[in-house]
Amino acid sequence: MCMVEDVLETFRMGALSDIAEQVMAIPLQIEGDYSIEHIKNVRQSGNDLFLLSEQVLYRFDRQGQFICQVTQPEDIQVGEYLINSVAGQLIVAGNRQDIHYYFLDGELLAVKQLDEGYQDSRLLSLSFFNGRIWSAEEEWVPSADRQEYVVERKVVEYDTSFRKINTYPVVQGDLGREQWIPFWTKPMFSVLK
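Residues numbered from 1 in each chain as written. Predicted model: local features only at pLDDT ≥ 70, side-chain atom pairs only at ≥ 80, totals over all residues. Heavy atoms only, no water.

1. Quick look at the overall build of the protein chain
Moving on, step 1. If you tally the helices and strands in the protein chain, you get zero helices and 12 strands.
Moving on, step 2. For the protein chain, the succession of helices and strands along the chain, N to C, is β-β-β-β-β-β-β-β-β-β-β-β.
Moving on, step 3. Residues classed as buried in the protein chain amount to 33% of the 193 residues present.
Moving on, step 4. The contacts in the protein chain between residues at least 6 apart in sequence include a share of 36% that link residues at least 24 apart.
Moving on, step 5. Put simply, the protein chain shows about 13,000 Å² of open surface, and 50% of that area lies on carbon and sulfur atoms. (Helix = DSSP H or I, 4+ residues; strand = E, 2+ residues; numbered from the N terminus. Buried < 20%, exposed > 50% of the residue type's maximum accessible area, 1.4 Å probe, protein only. Contact = heavy atoms within 4.5 Å. Areas by Shrake-Rupley, 256 points an atom, 1.4 Å probe, with all protein chains shown as cover.)

Have a look at this one:
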């Protein structure tokens, strides 16, 4: 386990404007009894903004106007989500080896249980590119001598129905110099076009 104190100061400093061409604040206009705190995983699709707060997925427009609460906490605790804008769907990964498919308005389309073999795996992050789902994952596997278990990281390619297409191992390379990013940091998977 890593504590915030263990993270180098270099990784805790910086401004969004250091990496973004444009930074714009959008005040969220929330009506009703919704409590949106600790926002993360903000994604945009067309005029829509989607975000996670306390494992619940919400939809806003680009002006910050509340549109809908997509997921219900009694149905799914959202770990990650993707926007399939071509199909007009949200692909939402829960915390119980399940994938929920929603229309953009929050209507549940389907629920899929992942195949056996995911009990020892942990999905770290998801990205959607070129009609495929790409994930960074960790899995507990027996070591070569079978005396203990080790964590292996991998990139997995899925189709939109979450059927596995390819798996690519992620290994820590020996660069011959001190590495600035510790291997225990959670990888955030993204794809540049």
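2. A word on the sheet that holds strand β8 (residues 108–113)
Across a sheet, paired strands are connected by hydrogen bonds in the backbone, their directions being either parallel or antiparallel.
Moving on, step 1. The four strands are arranged β5-β6-β7-β8 in an open sheet whose pairing can be described as antiparallel. Edge positions in the open sheet fall to β5 (80–84) and β8, since each of these has one partner strand only. Within the sheet, the average angular offset between the axes of one strand and its neighbour, ignoring direction, is 15°.
Moving on, step 2. Bridging between β5 and strand β6 (residues 89–93) involves five bridges; their strand directions are antiparallel. Its bridge partner lying in β6, I83 is registered against L90. (Pairing = 2+ DSSP bridges. Axes fitted to C-alpha atoms, helices over the stretch in contact; angles between N-to-C directions.)

3. A closer look at the environment of K154
Moving on, step 1. Take K154: it is sitting in strand β11 (residues 149–158).
Moving on, step 2. Put simply, K154 and P169 are 15 residues apart on the chain and 4.3 Å apart in space, counted from C-alpha to C-alpha.
Moving on, step 3. Apart from residues lying up to four places away in sequence, K154 is in contact with S121, S135, A136, E137, E139, T167, Y168, P169 and V170.
Moving on, step 4. There is a polar contact of 2.6 Å between the side chain of K154 and the side chain of E139. (Polar contact = N/O pair within 3.5 Å; in protein donor to acceptor, adjacent residues only side chain to side chain.)

4. Observations regarding the pattern of salt bridges
Moving on, step 1. Using the criterion set out here, one finds six salt bridges in the structure.
Moving on, step 2. Residue E80 is joined to R43 by a salt bridge in which the shortest nitrogen-to-oxygen separation is 3.3 Å. A residue pair is termed long-range when its members are at least 10 positions apart, and E80 in strand β5 and R43 in strand β1 (residues 39–45) qualify at 37 residues.
Moving on, step 3. Here R153 and E138 are joined by a salt bridge, their closest N and O atoms 3.0 Å apart. Of this pair, R153 sits in strand β11 while E138 is found in strand β10 (residues 132–142), placing the two residues 15 residues apart along the sequence. (Salt bridge = Lys/Arg side-chain N within 4 Å of Asp/Glu carboxyl O.)

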